[in-house]
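Residues per chain, in single letters:
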Amino acid sequence: MSISIDDDLFDSRTTSTTSFPKSKLVNLIKHHVYHTSNTMMIGLKLKDRCKTTQVHALNNPSESNTTVKSNPLLTINSILSNTCEDQQVKFPTLGDSTEILFDGFPTSDVFEPPIEFFLKNVDFVATIADLYRRIETCCESNKCLMFVEQYALLCSLGDSKLLRRCLQSARQHAVDPVSKVVVSAWLRYERREDELVGVSGFDCVGRVLECPKAALVDGNGECSTSEEVESVCFCIENEDIYCVRDRIASLSTPLRAMLYGKFAESRKDKIDFSYIGITAKGMSAVELFSRTRRFGCSSPKVVLEVLSFANRFCCEEMKSACDVYLASFVCSLEDALVLIDYGIEEGANLLFASCLQVLLRELPSALNNPKVMGIFCSSEARERLAVAGNASFLLYYFLSQVAIEEKTTSDVILMLLQNLRECAVERWQKALALHQLGCVSLERNEYKDAEWYFDAAAENGHVYSLAGVARIKYKQGQRFSAFEILNRLISDYGGIGWMYQERSLYSVGRKKILDLNEASKLDPTLSFPYKYRAVTMAEENEVEDAILEINKIIRFKLSPDCLELRAWFFMALKDYDAALRDIRALLTLEPDYKLFHRKVRGDHLVDLLNQLVQQWSPADCWLQLYDRWSSIDDIGSLAVIHQMLVNDPGKSLLLFRQSLLLLRLNCQKAAMRSLRLARNHASSEYERLVYEGWILYDTGHREEALSKAEKSISIQRSFEAFFLKAYTLADTTLDPDASSYVIQLLKDALKCPSDGLRKGQALNNLGSIYVDCGKLDLAADCYINALDIKHTRAHQGLARVYYLKNEKKAAFEEMTKLIEKAPKNASAYEKRSEYGERDMANNDLSTATQLDPLRTYPYRYRAAVLMDDQRESEAVDELNKAISFKPDLQMLHLRSAFHESMGDVVTALIDCEAALCLDPNHKDTLDLYSRTRGEANNLQK
């Protein structure tokens, strides 16, 4: 039982128009921009403007030697742009608006996709299969970096949960304190969206692998109590410190040699230590430690003296104790900045790790602190860290990734990546550092450096970096050279989506479109081809078709840039309601998103558009939300909730609903942010506990989530608390007793006050449990009741009931009702395929794939049918299509089974290993792997 991750439905209604009309929005934007920025640009075609990190514009090759500043995503601001940012603003008259709208409309000759910062392997499956083998056979001390390599390789998949699992494995196998601190900080940074108000930065909230204390290893020990025999006095600036000679001698071999060897001090009862570099208080602390192995109430300043003394006389045990003692005093940024130098100079790794822990906790703001960056950025700083053994690829990898997220053109990121390169040892590490240096240099328009870095990365085995070389050739006016580079890649490595996408930049006319179409065919997740085709259509005044084109990717891959582009198209059609919907949805994904050359906040554009649409009262908003939620219009629902939150920003219930929609749209990061805000704005403890429970559940802490639900119920019986407990318990294989308990919990939830939106979900889930228990009539009642309150997804459950009653035709008709209400819902077609004849099923699955190519069931079904028809090669090819852009665990497992049945055990092993790299605990794949390895071993005998 789970939240359905179905694709959203989109309003394909467009306004019939063949030209760009004059618009009141132009005047509103003019007025707003004039009063918010005196550097806004007006009336210039995008090809004469600058680049952005969101949607990239190509430079004219003849202008490749000029420095080009970054510019923003294509938005309505191109209606108004006319000069570069450093030129005087001059607004046109209202009579010019039609001409300006057309002249400033996004033009296809300025688009370019970004060169991605992460590693892209031309044979991804073989690469991760090899990595799995190496992880399984490497020694424990190397496993941490192996899992970091796994993280680097899997970044291209964009699966945040999978990447988090890689970091958790790296932390689990980290050995030294610095590595533990870095990976723990990385884990906390990656989940910063779900940090909770009132929770200390040092509180791991049940997450042991992120626990700051667990990352710092305590080296304290207790000493034995032996009889004190002979004393010795150390004189320091007229103060005498009496010590037990044997105890001081036991601290290190040099001290024992001094006190018992052939040195003059061995015959003295009083030894002058005035010039050793320690004060009387420091020597007293040494004396105390020699007897008790503790420092008592000594101040950090005194223990720093002891640390220096310990290094001078090679007192390893005392040094370790100083390290632990001082590390416990590091609490604030100021403490860390003062003590980290001592940690580096004195080789106190635990102290350094403790200071590092505090500094990393301050990311990303610490990147703007000159003192912090002075510790890491320069080559001298790296060398200083290296001497102390604290400069690591892992540390600089984390720092550089944080810096890249903040600003890709800063000097800081360049210095961090240079240090990353210096720390790189293995080939993949060098390739990553060099490729990212190339990307940053390209963003900074430093083409000579960028080309060198990309070439070097390619020499280290990263073929994708050659796309960067080609891009630079093109920017320097060498279009044919760029085209030839991509031709060679396609010839050498076969068809890969990004290769055709990149070659399209250097093609013209029909060849460009053919390359883009081939790119979409090979990898439908690439957004650039859709955007390019949409803008091309808009240039031909086919704005309705442009919207339909951009809808194709928005349906299954929601992103701010595509939403903004679609909003632009709607504004061109004067459909301001639809434009406002998309901008509100965009701001739900990225609340700080800026338009108009990243100078105008998105909520300001919302205010402008609000003046052109009908206003809704709070009651109207609830009605709109109910209708859109019921019709599975998730983007429309997001927009309504965004509007409601503007009027009531602390409404935790709305924030929770927002998180559910975002999860359904596969926007995990934004969903966790909304859920965290819901928890932080909760007006009661029982409500706060529910949201904390969902946060724990969504991050894999099931038992803790259950505990939160039970505690909430003990305070107040509420729908959400019972629903959370039932949902958490149902996320396992239920026996009859457990099923009965979950059923009762859902019934208890339905007795509590709530609205139809949530009660429909509860009825739907209750029906699912009844189906699993074989109580089909009760299940049907639940689904019918859910449909009565417009929970549209219940059609799917009711269809299942009909099918289990051998009423296949009724099941098919029930799913048809869902499709009539949600004609762009890929899941509905996929489910209906289970109830139709083979030809109808194939048609439905083809439609599902067209609407959402990321759904894997249609590929697996078609492959299984081909395999049953003994068309083995075609079956494998069907899986190959999807695996090439979505190497899914189930598809890899199925393809491995196909290869095994065909007698190709070597290829079967590779697919098994790749699947296990994605999930090392997948039982069916482990069984298949074991069996296939046995067959491979028999063949070798």
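Here the structure is a predicted model, which is why all the values come from computation and not from measurement.

Caption draft 1: Quick look at the state of the cysteines. Summed over the entire model, instances satisfying the criterion amount to zero disulfides. Looking at Cys 314, it has no disulfide partner, and the nearest cysteine sulfur is the one in Cys 315, 7.3 Å off. We classify Cys 314 as partly exposed; its relative accessible area is 44%.

Caption draft 2: Fine view of the side chain of His 791. Counting through the fold element by element, His 791 comes out in the loop between α39 (776-788) and α40 (794-804). With residues near it in sequence (within four places) discarded, His 791 still touches Leu 757, Gly 760, Gln 761, Asn 764 and Ala 786.

Caption draft 3: Representation of the sheet that holds strand β3 (residues 231-236) within the structure. On the basis of which strands lie adjacent, the open sheet formed by three strands has the order β4-β3-β5 and mixed pairing. In this open sheet, the two strands that pair with only one neighbour each are β4 (239-244) and β5 (270-272). This sheet shows a mean twist of 30° between the axes of neighbouring strands, independent of strand direction. Judged from the six bridges that link them, β3 and β4 form a sheet pairing that is antiparallel. Residue pairing in the sheet places Ser 231 in a bridge with Val 244 of β4. Contacting β3 and β4, helix α10 (residues 280-292) crosses the sheet at an angle of about 10° to β4.

Caption draft 4: Molecular detail of a positive patch on the surface. On the surface, a cluster of positive charge is contributed by Arg 717, Lys 747, Lys 751 and Lys 775. Look at Lys 747 and you get partly exposed, because its relative accessible area is 35%.

Caption draft 5: Examining the confidence of the model for the protein more closely. Per-residue confidence for the protein gives a mean pLDDT of 84; residues scoring 70 or more make up 84%. The low-confidence segment residues 1-104, where pLDDT is below 50, has 267 contacts with residues more than four positions distant or belonging to other chains. Taken as a whole, residues 217-228 scores under 50 in pLDDT and shows 20 contacts with residues more than four places along the chain or in a different chain.

Caption draft 6: View of the pattern of salt bridges. Tallying each qualifying case throughout the model produces 45 salt bridges. Here Glu 451 and Lys 473 are joined by a salt bridge, their closest N and O atoms 3.1 Å apart. Taken together, the residues span a long stretch of sequence, with Glu 451 in helix α20 (residues 447-459) and Lys 473 in helix α21 (residues 465-475) at a distance of 22 residues. Lys 473 carries the same exposure label as Glu 451, and that label is buried. Across the pair Asp 927 and Lys 923 runs a salt bridge whose closest N-O atoms are separated by 3.1 Å. You can see Asp 927 and its partner Lys 923 sitting in helix α48 (residues 923-940), four residues apart, about one turn around the helix.

Thresholds applied
- Residues numbered from 1 in each chain as written.
- Predicted model: local features only at pLDDT ≥ 70, side-chain atom pairs only at ≥ 80, totals over all residues.
- Heavy atoms only, no water.
- Disulfide = S-S within 2.5 Å.
- Buried < 20%, exposed > 50% of the residue type's maximum accessible area, 1.4 Å probe, protein only.
- Helix = DSSP H or I, 4+ residues; strand = E, 2+ residues; numbered from the N terminus.
- Contact = heavy atoms within 4.5 Å.
- Pairing = 2+ DSSP bridges.
- Axes fitted to C-alpha atoms, helices over the stretch in contact; angles between N-to-C directions.
- Patch = residues over 30% accessible without salt bridge, like charges linked within 9 Å, V, L, I, M, F, W, Y side chains within 5 Å.
- Areas by Shrake-Rupley, 256 points an atom, 1.4 Å probe, with all protein chains shown as cover.
- Salt bridge = Lys/Arg side-chain N within 4 Å of Asp/Glu carboxyl O.
- Lys, Arg positive; Asp, Glu negative; His and termini not counted.
- Charge placed at Lys NZ, Arg CZ, Asp CG, Glu CD.
- pLDDT = per-residue confidence, 0-100.

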